[in-house]
Amino acid sequence: MSEPLLELSGVGKRYGGVQVLRDVSLRARAGTVTALIGPNGAGKSTLANVASGIVQPDAGTVALAGRDVTRLPTWRRAALGLGRTFQNLELFEGLTVLENVMVGAHAHGLSRRARREAGLAALERFSIAHLAHRRVESLSFGEAKLVEPARMLVGEPRVAILDEPAAGLPPASADELAGRIAALTASGLAVLLIEHNVPLVMDLSDHVVVLVGGAVLTEGPPARVREDPRVIDAYLGVADE
Amino acid sequence: MSSVGEPRERLLVLALVALGLLIAPFLFEGDYEHGLLVGFCVNLLLLTGLNLINGYAGQVSLAQAGFYGLGAYVAGILGARAIGPVWLSFVAAPLAVAAVSVVVGLPSLRLRGLYFTMASLGAGVVLFLLFGRAVSLTGGPNGLLGVPILELGPLVLDTPTRIYWLAAPLALLGLAFAGWFAASRWGLAIRAAATSEPAAAAAGVPIFRLRLLTFTLSGAFAGLAGALEVYENGFVSPEPFGFFAAVTLLVVLTLAGVGTLLGPVVGAGLLFAFDELLADASDVRPLIIGLLFLITVQALPHGLVGTVADWRRGRREARERR
C-alpha cells in the first residue's frame, strides 16, 4: 500500500467546554478515496479545517507527504499540494468564474496567460467553460458548485479534501460528480471525501472512517463499515430513514 | 466588489484620462485653475492609493489623510532644510510613508473589518497630532515655512502650470500602475481574499503579506501626493490632514465607486468640481458631501462607476443568455 499523502495523528480540538475532536487519526493515500462520514456535528468539517490549517488543533499532528505541517498556515499547505473545497460555497464574489479559478494557481506564480489557460482547462474539465466570463454570483447553485473543485484542481494538488461536494445537487448531477471524483482519483490524487450521500460514498471509497461525537467510531472498507451495527445505529440507520 | 476589466478597457480608460489631463489646462486657464488641477492630480494619487487597500483589498483604511500629511512634511522638511537635492523629496516622501505603512500595517492588518478601520484611524490621528506638536520639526500649528521652489535640474517649476506638467504624468503613471497591480496575480489574489479569506488561503494566497504589500503601496501613493502638494503650496500646516480629510477621501471614493480603475478619477473630479463650484461657500462643502453620500449609498450602493459597470454587465449577460 502506498505511503499516506495526508496523515492526521491523534488530533484533538476543544471549543470552550466542548470537545469537538478527540484523538482522531486518519490517512489518505495516493490514488484512493478515503471517506469521512458521520452525523451532523460529528466534527467532520472541523477535521477538514484542521487538515487544511484553518483551525489549529490542541493536540496531534498533520503531515503532508511525510512532512509535519501542523504549524504551517493554510496558504503554505496549499502550496505544498493540499487542495480543498468547502461545505458552504466559498466563491470570490464580484470576480468572474475564470478569475475565481485562476486564483487557484496563485502559488505557482505562472504568467497571466498560463494561469488563464490552466483556468480554462479546469473549467472545460467540469464542462463550465462557457460560463468563464460570468460573475460567480450570477450562476445557479449547481453551476456554482462546480467552480470550487475547478479552482482546487488548477492548484495541481496531491491531496484533495472535498467537503460535501454532492450536497444540494440533484441525483443526476451527483452521479456526474461521482464520475469526476473517480477520474481525479485515478489520476493519482489522494481524496478525502466528506459526504452525507451514503450510496455515493460506498460506491467511490476505498476506505471509510466513521466519526461520531468527535471520535473515530470505526473504519475499514466500505462493505464492512456498511454492515457494522454500531454504524447503522449511530449514523446509517438515521440516514436511511 | 471590485473589477479590473479587460486589458483593452484599462488601456482605453488610461488613454482617456491622459487626453483629459492633456487638454484640461487649456480648458481651465489661469493660475488659480491650474492650482486646482494640480489638486486634482494630488487627489487622484491619494484616491488611487486608497482604492488599492479599500477597493481591491476590501480593508477600509482611514489612515490615508495622515499618510498624505506625512509625505507632505517629509518632502517639505527635506526641502526647507536643504537636505539633498529637491528631487530627493519625491523619492524620500513615498519611501518614508511606505515604511511607516509597514509599521502601522504589521499589527493592524491582523485585525478584521471595523477593527482595522479603527486602528488605521488611530494611526492617522497620531500622525495628525504629531504634525501639530512636533513644533521644532514641523513648525507646529503655524505650519512649515521655507519650502523652496521646486527645481528639477534645469527645470524651475515655479508656477502652478509648471507643477501641473509634473503632477499630471505622475498621477497618470500612478493610475496605470494601480490598474496593472489590480489585474496582476497579486491583485487578483487580494481581490479574492476580500470576499472569502478561507477560500483564498486554501488556494495558496498569503493574505496577510499581500495586504501588507497593498497597504504599503497605498501609503507610498499618499506620500507622493504629499510631496506634490507641499511644493505646489510652498507651505504645509496640519489642518488638511485631519479626521475630516480622512472621511472625505473615503466618502468621495465610495461615491465615485470603489474597486474600479475609473473610481479614483471620478472621485478626484468630484473634489475638483466641489472646489470649483463651492469656492466661495467652503462652509457648506461638508454638508453637500454628506448629502451626496447619503443619496449614493441609498440609490447607488456600488458608486457612480460601479453602477454604470453593473448596468453594462447586466445587459451583456442578458444578451449572452438569449
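Residues numbered from 1 in each chain as written. Chains lettered and ligands numbered in written order. Predicted model: local features only at pLDDT ≥ 70, side-chain atom pairs only at ≥ 80, totals over all residues.

(A) Quick look at the overall build of chain A. Across its full length, chain A holds 9 helices and 10 strands. Expected size for 241 residues packed as a compact globule is a radius of gyration near 18 Å; at 18 Å, chain A falls within 12% of this value. Restricting the contact set of chain A to residue pairs at least 6 apart, pairs at least 24 apart contribute 66%. (Helix = DSSP H or I, 4+ residues; strand = E, 2+ residues; numbered from the N terminus. Rg over C-alpha atoms; globule rule 2.2 N^0.38 Å. Contact = placed C-beta atoms within 7 Å.)

(B) Region of the structure containing the pairing of strand S10 (residues 215-220) of chain A. Residues and elements named next belong to chain A. Judged from the 5 bridges that link them, strand S9 (residues 207-212) and S10 form a sheet pairing that is antiparallel. Considered in S10, the bridge of Val 212 is made with Ala 215. The hairpin turn running from S9 into S10, its antiparallel successor, is 2 residues long, and Gly 213 in that turn takes a positive phi close to 60 degrees. (Pairing = 2+ DSSP bridges.)

(C) Fine view of the sheet that holds strand S1 (residues 4-15) of chain A. Residue and element names in this part refer to chain A. Strand order in the open sheet formed by 4 strands is S2-S1-S4-S5, and the pairing between neighbours is antiparallel. Across the chains shown, the open sheet's two edge strands, defined by having one partner strand only, are strand S2 (18-29) and strand S5 (67-68). Across 2 bridges, the pairing between strand S4 (residues 59-64) and S5 is antiparallel. From the neighbouring strand, Ala 63 faces S5, where its bridge partner is Asp 68. Where helix H1 (residues 44-52) meets the sheet, it contacts S1, S2 and S4, and its direction lies at approximately 120 degrees from that of S1. (Axes fitted to C-alpha atoms, helices over the stretch in contact; angles between N-to-C directions.)

(D) The arrangement of the packing of helix H7 (residues 160-183) of chain B against helix H10 (residues 207-233) of chain B in detail. Residue and element names in this part refer to chain B. Relative to each other, H7 and H10 sit at 175 degrees, their axes nearing to 11 Å. If you check the angle between H7 and H10, you find them roughly antiparallel. Between H7 and H10, the residues in contact are Pro 160, Ile 163, Ala 167, Leu 170, Gly 174 and Phe 181 and Leu 217, Phe 221, Leu 224, Leu 228, Tyr 231 and Glu 232, respectively. The residue inventory of the contact of H7 with H10, partitioned by class, reads 10 nonpolar, 1 polar and 1 charged. (Parallel < 35°, antiparallel > 145°, perpendicular 65-115°, else oblique. Nonpolar A, V, L, I, M, F, W, Y, C, P; charged D, E, K, R; others polar.)

(E) Inspection of the sheet that holds strand S7 (residues 159-163) of chain A at higher detail. Residue and element names in this part refer to chain A. Spatial ordering of the open sheet is given by S6-S7-S8-S3-S9-S10, a layout of 6 strands whose pairing is mixed. The open sheet is flanked by strand S6 (82-84) and S10, the only strands paired with a single partner. Neighbour-to-neighbour, the strand axes of this sheet turn through a mean angle of 20 degrees, independent of strand direction. Relative to strand S8 (residues 190-194), S7 runs parallel, the two being bridged by 5 bridges. Its bridge partner being in S8, Ile 161 is matched across the sheet by Leu 192. Running at roughly 150 degrees to S8, helix H6 (residues 171-186) makes contact with strand S3 (33-37), S7 and S8 of the sheet.

(F) Quick look at the pairing of S7(A). Residues and elements named next belong to chain A. S7 sits mainly inside the fold: 5 of its 5 residues count as buried. Side chains Val 159, Ile 161 and Asp 163 of S7 all project onto a buried face; the interleaved residues Ala 160 and Leu 162 project onto the opposite face, where all are buried too. The sheet contact formed by S6 and S7 spans 3 bridges and is parallel. In the sheet register, Arg 84 faces S7, and the bridge partner there is Ile 161. (Buried ≥ 20, exposed ≤ 12 C-beta atoms within 10 Å, placed from the backbone.)

(G) The packing of helix H3 (residues 64-80) of chain B against helix H5 (residues 114-133) of chain B, seen in detail. Residue and element names in this part refer to chain B. It is the contact of H3 with H5, at a shortest axis distance of 8 Å, that shows an interaxial angle of 35 degrees. H3 and H5 meet at a crossing whose hand is left-handed. Within the contact between the two elements, H3 uses Ala 65, Gly 66, Gly 69, Leu 70 and Tyr 73 and H5 uses Ala 123, Gly 124, Leu 127, Phe 128 and Phe 131. Broken down by class, the residue content of the contact of H3 with H5 amounts to 7 nonpolar, 3 polar and no charged. (Left-handed = near helix turned anticlockwise from the far one by under 90°.)

(H) Spotlight on the interface of chain A and chain B. Counting residues at the interface gives 25 residues for chain A, matched by 20 residues for chain B. For the side of chain A that touches chain B, the leading source of residues is helix H2 (residues 74-79) of chain A, giving 4 residues. Classifying every residue of the side of chain A that touches chain B gives 11 nonpolar, 7 polar and 7 charged.

(I) Spatial organisation of helix H12 (residues 263-277) of chain B. In a regular helix each residue adds 1.5 Å, so 15 residues correspond to 21 Å; H12(B) covers 21 Å between its end C-alpha atoms and thus fits that length. Looking only at H12(B), the buried set comprises Gly263(B), Pro264(B), Val265(B), Gly267(B), Ala268(B), Leu270(B), Leu271(B) and Phe272(B). (Expected span 1.5 Å × (residues − 1).)

(J) Layout of the environment of Glu29(B). Residue and element names in this part refer to chain B. Tracing the backbone shows Glu 29 in the loop between helix H1 (7-27) and helix H2 (31-56). Classification of Glu 29 as exposed rests on a count of 10 C-beta atoms within 10 Å. For the pair Glu 29 and Thr 161, spaced 132 residues apart in sequence, the C-alpha separation works out to 9.2 Å.

(K) The arrangement of the nonpolar core in detail. Core analysis: the largest hydrophobic core is formed by 180 residues, its most contacted members being Val191(A), Leu193(A), Cys41(B) and Val205(B). In this view, Cys41(B) contacts Ala167(B), Ala168(B), Leu170(B), Ala171(B) and Leu228(B); residues no more than four positions away in its chain are not counted. (Core = buried A, V, L, I, M, F, W, Y, C linked by C-beta atoms within 7 Å.)

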